[in-house]
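Survey of secondary and tertiary structure
Now for the letters of each chain:
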Number of protein chains: 2
Amino acid sequence: MSILVVGSVAFDNITTPAGRAENVLGGSATYFSLAASYFTKVRVVAVVGDDFTEKEESVFRARGVDISGIVRESGKSFFWSGEYGDNVNEAKSLDTQLGVFAHFNPQIPPKFKDSEYVFLANIDPQLQINVRRQMNGARFVGGDTMNYWINGSRPQLEEMLKGVHALLINDTEAKMLADDTSLARAAAKILKMGPKALVIKHGEYGSTVFFGDDAFGIGRRHPFRAPTLPLETVIDPTGAGDTFAGGFMGYIASRGELTRDVFKRAMFYGGVMGSFTVEAFGTERLQKLTREEIDERYNTFRELTHIE
Amino acid sequence: MSILVVGSVAFDNITTPAGRAENVLGGSATYFSLAASYFTKVRVVAVVGDDFTEKEESVFRARGVDISGIVRESGKSFFWSGEYGDNVNEAKSLDTQLGVFAHFNPQIPPKFKDSEYVFLANIDPQLQINVRRQMNGARFVGGDTMNYWINGSRPQLEEMLKGVHALLINDTEAKMLADDTSLARAAAKILKMGPKALVIKHGEYGSTVFFGDDAFGIGRRHPFRAPTLPLETVIDPTGAGDTFAGGFMGYIASRGELTRDVFKRAMFYGGVMGSFTVEAFGTERLQKLTREEIDERYNTFRELTHIE
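In this report, we go over the structure that sits alongside the text. Everything numeric in this text was worked out from a predicted model, so none of it was measured. (Residues numbered from 1 in each chain as written. Chains lettered and ligands numbered in written order. Predicted model: local features only at pLDDT ≥ 70, side-chain atom pairs only at ≥ 80, totals over all residues. Heavy atoms only, no water.)

Notes on the relation of the copies chain B and chain A
Relating one copy of the chain to the other requires a rotation about an axis plus a shift along that axis. In the superposition of chain B on chain A (RMSD 0.0 Å, axial shift 0.0 Å), the rotation amounts to 180 degrees. The relationship between the two copies is best expressed as a two-fold rotation axis. (Least-squares fit on C-alpha atoms with pLDDT ≥ 70 in both.)

Written out as structure tokens, the structure is:
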């Protein structure tokens, strides 16, 4: 089944302990759609400037991603410059230029409205609400957010949370959103805010999904935790979270049913895709994977934590 | 098979966000032996003062632990006072009084020398070396250490590491010991220092075991990661690491063979025992478990991360 993602398509300057990359294709919708493209058909809604050329288009086209919903405006695309120190979980933002993204007001093309799976990448929660309203027939809506909106747009964020089936955030965001230092308690509080499933990403430790009482007919059950492979070398962590979301949502959309087993495997696929992304700068590694490589790593991750 | 543990038996004053407990039985050898007692016969070598009475003895005796190796000296037992804030992974030490522990020079009673499994709890690495020499027929030796020794007794610690089959430490200690910010790289470096297996405890995220090239005939294989259950309430984290070690080593000793599957289940049992300890102050929860409760939680942990 097709999945629709609404988010940013951007250019990034990235410095990590492993080196530096300039003006590479980035943005939440980019990482998400490339990752999800290995599982299902992907449609993107975003806005770009004059600097988005045939070269960037071809990255999406090569993966069969439908970019007819990417609007071109006069000006520059979203630009981000960031630096990572030894703690690869934390980027220092050096520069952010919104460019044409400043006036982003996503309109879903009529031909995308039949998308049963939707991902609201990390943008202004008011825009996420607007997209959700345009996609009110969606079967499964995932969403992301960040500290900036948790602190600065609380009412809109709470409204947005009522409209997502699964929220995907990291430990820090979960604790901040729930105002609780215990991850398990924070999860319980967030599930009362709307989402039926809460996926908390723990960076190199993997991720945990918590389920609400009425989650997809599978009910409130024990959480499920998926590990990641301990990596000796992380080249560039940029986009790992969006890539996780792409693997997670893409796998779910490809199955067409929401069972506990589908959720479990989706958690593993999220971690698998994220682990590829960090092996190279930008989307380089994500552009040229094969489903065989993905499934091989899936099996490695499974073995990492499997007991009979 | 019997397991021998050499470490501290102490009294603790503990303050956590959940409350306060005074003068409760503690110490690394105490937590370890109570946890291991659910899996195998345990022998303790430690030193205590006049304050160690029939009341404390009965805690060990009720679990069938052989405490004939606990030496009594005139004076006070090791005393620790600590406080936990919202970050349950980090205790603030308020007071430490070594008491009779200051002159601890462990002598292994002849009748304990046939112990095939040995755990060198967190004490001065020079004492760990001395114990290791007295137990040179041991089949499987586990060890623990901490920042204090990593920084202050490096040569002795490196000597100690050559004598242990498995080292059990946490993330911070592993990174400090290897002087590397990547956990996976740190693990590779530490395995070159001597241990055939390195168990890194990640607190609420679980634990990972890394294997060296010649590990127990199972060879260098992918690491194995065991999760822990996300807990809403942590009453008192004191002793969780020693309890993990007790579950891990106790299970291995109970099996009598070192296979990858035994290691995997030992990692789960370590996490399971640790998760019980934090549910109450001191050793309260550890004193009154049943093997049925333990196996029930083992199954919950397994389900937490199991995919077909």
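Quick word on the packing of aromatic side chains
To describe a pair of aromatic rings, one takes the distance between the centres and the angle between the planes. Applying the stated criterion across every chain yields a total of 33 aromatic pairs over all chains. Between the aromatic rings of B:F140 and B:F263, the centroid separation amounts to 6.1 Å while the plane-to-plane angle is 70 degrees, which identifies the pairing as edge-to-face. Placement of B:F140 in strand β9 (residues 140–143) and of B:F263 in helix α9 (residues 260–277) is noted, with a sequence separation of 123 residues between them. Each member of the pair B:F140 and B:F263 is classed as buried. Considering the side-chain rings of B:F244 and B:F248, the 6.3 Å spacing of their centres and the 15 degrees angle between planes classify their relative orientation as stacked. In this pair, B:F244 and B:F248 are both assigned in helix α8 (residues 240–255), 4 residues apart and thus about one turn of the helix distant. Taken together, the aromatic side chains of A:F39, A:F224, A:Y251, A:F268, A:Y269 and A:Y298 make up a single cluster linked through ring pairs. (Phe/Tyr/Trp six-rings, centres within 6.5 Å; stacked < 30°, edge-to-face > 60°. Helix = DSSP H or I, 4+ residues; strand = E, 2+ residues; numbered from the N terminus. Buried < 20%, exposed > 50% of the residue type's maximum accessible area, 1.4 Å probe, protein only.)

Considering the interface of chain B and chain A
Frequently, the measure chosen for interface size is the accessible area removed from exposure when the parts meet. Facing the 39 residues of chain B at the interface are 40 residues of chain A. Across the interface of chain B and chain A, roughly 3500 Å² is buried in total on both sides, 52% from carbon and sulfur atoms. Of all residues in chain B, B:Y205, B:R225 and B:I307 give up the largest surface area on contact with chain A, accounting jointly for 24% of the area buried on that side. Counting every contact that joins chain B to chain A gives 4 salt bridges. When the shortest N-O distance is used, the salt bridge between A:K264 and B:E303 registers 3.7 Å. Put simply, chain B and chain A have 20 residue pairs in polar contact (both at pLDDT 80 or more) between them. The leading source of residues in the side of chain B that touches chain A is helix α11 (residues 291–305) of chain B, at 6 residues. Here the side of chain B that touches chain A is composed, by residue class, of 15 nonpolar, 10 polar and 14 charged. (Contact = heavy atoms within 4.5 Å. Buried area = accessible area lost by both parts, 1.4 Å probe. Salt bridge = Lys/Arg side-chain N within 4 Å of Asp/Glu carboxyl O. Polar contact = N/O pair within 3.5 Å; in protein donor to acceptor, adjacent residues only side chain to side chain. Nonpolar A, V, L, I, M, F, W, Y, C, P; charged D, E, K, R; others polar.)

A short note on the sheet that holds strand β10 (residues 166–170) of chain B
Residue and element names in this part refer to chain B. One open sheet accounts for 9 strands, arranged β5-β4-β1-β8-β9-β10-β11-β12-β13; its pairing is mixed. Each end of this open sheet is capped by a strand with a single partner; those strands are β5 (66–72) and β13 (224–226). The average undirected angle you get between the axes of adjacent strands in this sheet is 15 degrees. Note that strand β4 (residues 42–48) and β5 share 5 bridges and pair parallel. Following the sheet pairing, V47 is matched in β5 by V71. The strands touched by α8 are β1 (3–6), β8 (117–120), β9, β10, β11 (197–201) and β12 (207–211); relative to β8, the strand with the most contacts, the crossing angle is about 165 degrees. (Pairing = 2+ DSSP bridges. Axes fitted to C-alpha atoms, helices over the stretch in contact; angles between N-to-C directions.)

Things to note about the nonpolar core
In this structure, A:L167, A:L198, B:L167 and B:L198 are the most contacted members of the largest nonpolar core, which totals 88 residues. Setting aside chain neighbours within four positions, we find B:L198 in contact with B:L167, B:I169, B:A187, B:I190, B:L191, B:T208, B:V209 and B:F210. (Core = buried A, V, L, I, M, F, W, Y, C linked by side-chain atoms within 4.5 Å.)

Observations regarding the sheet that holds strand β3 (residues 19–26) of chain B
All names here are of chain B. In spatial order, the strands read β3-β2-β6-β7; together these 4 strands make up an open sheet with mixed pairing. Each end of this open sheet is capped by a strand with a single partner; those strands are β3 and β7 (91–97). Each neighbouring strand pair of the sheet contributes to a mean axis angle of 15 degrees, computed without reference to strand direction. By the bridge criterion, 6 bridges tie strand β2 (residues 10–16) to strand β6 (residues 78–84) in an arrangement that is parallel.

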